[in-house]
Structure formats: C-alpha cells, structure tokens
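Coordinates in review
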Amino acid sequence: MSFTGDNGLKKILYLTAESSPYSKVGGLGDVSGSLPPILADLYSAFFDIRMVMPFHKNMNTSNTNIKKLDELVVEYANTHEIIEVFQDQNAALPVYFLKSPSLSSTPPYTDNLQVDLIKYCLFSKAIHSFCDTINFLPDLYHANDWHTALAVYQTKTIAFKKNRKSPFSTILSIHNLPYMGNANRKILRKFGFRPSRNLSLPKWARDLPLPMGISRADQILTVSNGYAQELLTPEFGCGLHTYLQKKATKVAGILNGIDQTEWDPASDHFLAQNYTIDNLDQRMVNKKALFDKYFPGTSNKTPLLIWVGRLTGQKGADVLLDSLNMLLDQDWRCIILGTGDPALEKAIRTLANKVPEKIVGLAEFSNELAHKLYAGGDMIIMPSRYEPCGLSQMFAMRYGCLAVATATGGLKDTIKDYSSTENPDGFLFTAAKANDCSKSIALAMHVYQDNPGKWRQMQIDAMRKDFSWHRSAERYKAMYLKLLERHS
Ligand code: GLC
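So, a few notes on the structure that sits alongside this text. (Residues numbered from 1 in each chain as written. Predicted model: local features only at pLDDT ≥ 70, side-chain atom pairs only at ≥ 80, totals over all residues. Heavy atoms only, no water.)

**Describing the overall build of the protein**
The test is simple: Helix and strand definitions follow DSSP, with helices as H or I runs of at least four residues and strands as E runs of at least two, each counted in order from the N terminus. Taken over C-alpha atoms, the radius of gyration is set against a globule rule of 2.2 Å times the number of residues to the power 0.38. Each residue's exposure class comes from its accessible area (1.4 Å probe, protein chains only) as a fraction of the maximum for that residue type: buried when under 20%, exposed when over 50%, partly exposed otherwise. Note on charges: Lys and Arg go in the positive column, Asp and Glu in the negative column, and His and the chain ends are not counted at all. To locate a charge, take atom NZ for lysine, CZ for arginine, CG for aspartate or CD for glutamate.
Along the backbone of the protein there are 17 helices and 15 strands. For the protein, the C-alpha radius of gyration of 23 Å lies close to 23 Å, the compact-globule estimate for 488 residues. If you line up the protein on its principal axes, its C-alpha atoms span 70 × 45 × 40 Å. Looking at the protein as a whole, 57% of its 488 residues qualify as buried. With 55 positive and 48 negative side-chain charges, the protein shows a separation of 8 Å between the mean positions of the two kinds.

**Re the sheet that holds strand β11 (residues 333–337)**
Operational definition: Pairing between strands is defined by DSSP: at least two bridges between them are needed. Here an axis means a line fitted to C-alpha atoms, over the contact stretch when the element is a helix, while the angle between two N-to-C directions is reported on a 0 to 180 degree scale. Contacts between residues were defined by any pair of non-hydrogen atoms, one from each residue, lying within 4.5 Å.
Strand order in the open sheet made by the 6 strands is β12-β11-β10-β13-β14-β15, with parallel pairing throughout. What marks the edges here is a single partner per strand, and that holds for β12 (359–362) and β15 (426–429). Neighbouring strand axes in the sheet, compared pairwise and without regard to direction, differ in orientation by 20° on average. Where strand β13 (residues 379–382) lies against strand β14 (residues 402–406), 4 bridges are found, and the strand directions are parallel. In the strand pairing of β14, Ile 381 is matched with Val 404. Helix-sheet contacts for helix α12 (residues 367–376) involve β10 (304–308), β11, β12 and β13, and the interaxial angle to β10 is about 145°.

**What about the site of the ligand?**
Applied cut-off: One heavy atom suffices: a residue is near a molecule or strand as soon as one of its heavy atoms comes within 4 Å of it. Any pair of nitrogen or oxygen atoms within 3.5 Å is treated as a polar contact; in protein, a donor-acceptor pairing is required on top of that, and neighbouring residues in sequence qualify only through side-chain atoms on both sides. Accessibility throughout is a Shrake-Rupley quantity obtained with a 1.4 Å probe, and a residue counts as covered only by protein chains that appear here. Nonpolar residues are Ala, Val, Leu, Ile, Met, Phe, Trp, Tyr, Cys and Pro. Charged residues are Asp, Glu, Lys and Arg, and all others, Gly as well, are polar. Domain boundaries shown here were taken from an automatic or database domain assignment.
In the vicinity of the ligand there are 14 residues, among which His 175, Asn 256, Glu 387, Cys 389 and Gly 390 approach most closely. One of the side-chain nitrogen or oxygen atoms of Arg 310 is found 3.5 Å away from an oxygen atom of the ligand. Residue Cys 389 places a main-chain N or O atom 3.0 Å away from an oxygen atom belonging to the ligand. Protein chains shield 95% of the accessible area of the ligand, which is 310 Å² for the free molecule. Here the residues of the shell around the ligand are counted per class, giving 6 nonpolar, 6 polar and 2 charged. Per-domain counts for the shell around the ligand show at least three residues from each of domain 1 (10–257 + 470–487) and domain 2 (277–466).

**Some points on the pairing of strand β8 (residues 219–222)**
The alternating pattern of β8 places Gln 219 and Leu 221 on one face and Ile 220 and Thr 222 on the opposite face, and all of these are buried. Examined bridge by bridge, strand β7 (residues 169–174) and β8 share 4 bridges and lie parallel to one another. Bridged to Ile 174 within β8 is Thr 222. Relative to strand β9 (residues 251–253), β8 runs parallel, the two sharing 3 bridges. The residue bridging Ile 220 from the neighbouring strand is Val 251, located in β9.

**Structural notes on the environment of Ala 347**
As for its position among the elements, Ala 347 is in helix α11 (residues 342–354). Ala 347 gets classed as partly exposed once you look at its relative accessible area, which sits at 30%. Separated by 26 residues in sequence, Ala 347 and Leu 321 place their C-alpha atoms 7.9 Å apart.

Take a look at the structure:
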C-alpha cells in the first residue's frame, strides 16, 4: 500500500520540536531550519517534504505569514483537546504548527519533565489526525530526538494493530542520545502509548520515549559518522550500546551542514569588516573591534580565545575554566558567550572577576555577538565530553577562527589535527580534561604567535572546507529512496 500522490512524489513528513527561525533552542533548531528546505529545493522532482512542529509559546513570527488552516480533536484518557492547525505561507516548504493548551503554553522545553512529556505525547498522538486533516498521508516519517520519537513508535503500533503492514517508513534522527525523555508510564498510558515489550531493549528503557522510538525505527540516524560509531560503545551508548550493536545495520551517520549563506564572512552584515581568503588581513579589524570593546589597549598579537555555546557538562564549560586557570601565566584574552547551568555561569563570573583583564563572560544568547566572535576570535575552544556533530566549530572555521576541540563525534570528523595530519586546520586533544585541553590551547597559541605562516595556511584550509548541506543532501536522498523502496 503506498500513499504516493498523483504527482508521483514521495511524501515525507519531517517532525521536530524546534526549528529556526520559529523556535530555536539548540542545534536541532538549526538543523530543522536548514535541512528540510534544502532537501525540498534540491529534490522537488522526488519528494514532497513538509515539516510539522508545536506552536510554542513566544514563537518568533516575524517575517512569517502564519494562517490557520483547520482544527482537529485528539481524544485521550477521558478527555479531549482541540488542536488548531496553522501553516506558514511564507516558508520555502510547507511548515505546519499544531496549537492547543498543552502544546502552546510553554517554550519548546521546560524544567518540568512531565509538562514536556505531555506536550510531546499529545503532539505525537495528533500526527495521524493532522495528516488526515491536511490530506497528506506520508510515505516516510523523519522524526528527531525523544520529542517526536513516539510518533515513530505509534506509527508501527497502530499499523500492527490493524493487522496490516505499515505503509510508513521511519527515520529517527538522534541529535543527543542522553536526552531520552521522561519515563512516566501513567502519562504514556493516558495517551495510549504502551511501554515496549521488546525483550532485547533494556528494561529501564522500555518506557522512555527515545528508546521506544529507536526500537521501532526503520533507520536510526545520527549527525556524524563518528557519533554513529560511538553510539555502539559503552562510553557513549548510554546503556543502549548492546541493544544498538544488535541493530548496527540500521545505525548510520550523516554529517550536519551549515547555512553557508547566512554564515559568510564576505557578506555578514554583523561584522565591522567583511573579508575573504584573499584579504584575510582585514579580519584583524574585527578582532580589534572586540578588543576595543572588551579589553581596550590590548595588542592585536595577543591571542583571542572564544567560547560560543550552551554552558553544560556536555560542552565541557567546566573544562574550559579549569584550562584557563592553568594558563593564567600566559598572555591571552578570552570571551565566553553563552548561558546554561547556573553553577557554570557563576563559575565564569568568579573567574572573570579574578582576572577581568583576561576574561569576559557574557551570559546571554546573541546571534549577532556570535557572528562577531567567530570573525574576530583566533581560536574557539570546544572541550566537549561528547559531540554528536557540533555546529560552532563549522561556523568558526568558515570565519577563519581555528578550533581547539576534543577528538570526539562530529568534532573529530570535521577538524584535522595539527599534530597528526598533513594539512591540519585545527587542534584536537584526546579527552575532555583540563590537562589535555590546556596543553592543546598552549600549542595553538604557540603556533599562532611563532609560526604565523602556518597559522595563515590553517585558516585558509579551514575557510575552504565545504560545510554546506549540499554535501550531505545526496546521502539523505539516497537514504530516503532506499527506505521508500523497501516499503513500496
Ligand atoms: C545537538 C548536539 C550537537 C549537534 C546538534 C544538531 O545539539 O549536541 O552536537 O550538532 O544537536 O544535530
């Protein structure tokens, strides 16, 4: 049974909790905001790709044209909820939003695990009726992370219940394995999701949304080859490695891309000075602008270290601070941009107060500042404990800011190490530990100051790298077609 429409296009529904520019919290928002439009554009002769997400509280609606299309009703437990269906008529592909009290009273994620679980249970449960409502019966679901994993789980259960083969193929993309959702059987039951009865899935995982989705997905995808391999190891598999090893043929990695138009030092309107590989000296104007603002009077020769991103244990913000502490006798400046764990924010304030002439902490989320830091910083420090892909190193490298990063997941796949490769474009260290990280920063600063020719070559190589989505798009197309064929 195939739901392919009259035009012969295969129908793909991309399900996500967040997407730029509507609601973006982290990397998933960047990916959802750029991958589906690229695929829709490149492969319009093959696929009809549409995206759906909750209509969150405080969604950014500027430059959109969001119109209500219809309503549907979802019944659960002894109650029901009316869900309004909206579409952004300005988007490059059909983008839909589901709005209701449980879906729309909060931002994408809150501190209340139960509130989030209810939101995404309802969202996943609503997907079938939503597809009926807009008359779009997908051939393939492409879900992301725990939030939409239950839609994958449910597709198969419902199909099996009706005692026929599921017409859907399903992909579940994992952007961050440790975030598996909340195990709350009561809430799951309320929405009709029965815990998995798959005996090879560890018991503790059978009522967690992400593993439930994984157990039913036709394809388990992640966002770099490196992380796809790491998922199968005890160190990174979060207790699911043995289960994932059994399903290893279904696990694959496709590296994320970045929007190389938005992130282009030649035309970036946030910068004090635009530049390219051909006039790289001009880049210094951006560094000087940062020094003038945050460290007036500092020589341009002093290396500028930057941090752009969430302050979490995953990203190793604590490792950065310990490393900086170990390097206090050397000449450098560091700007830390990001919010997150309050304890880490406090630790940054404490260190910045201790050495205000060296460190500035900016506890905010500012896209504009991020652009300025990539353009003016000499090196971005990324001591991630694990990194499914990582986008900051790609943005930074495109701007000639070299990465000093842990050799893990997507970082290892995108950065060529100074000490172990022939044409390096960054610095990798083995473990997210202050000892390793500080040595790597010291080495990078040494190359920056004592071997400017080499540094320049590394910058050029980093800036020349193709991080566009086009590079990965072919692999998505091939994967979609393979899965669709298998199910047709
Ligand atoms: C998550 C991961 C990050 C990845 C992003 C997009 O935020 O932590 O490594 O780049 O998702 O896939």
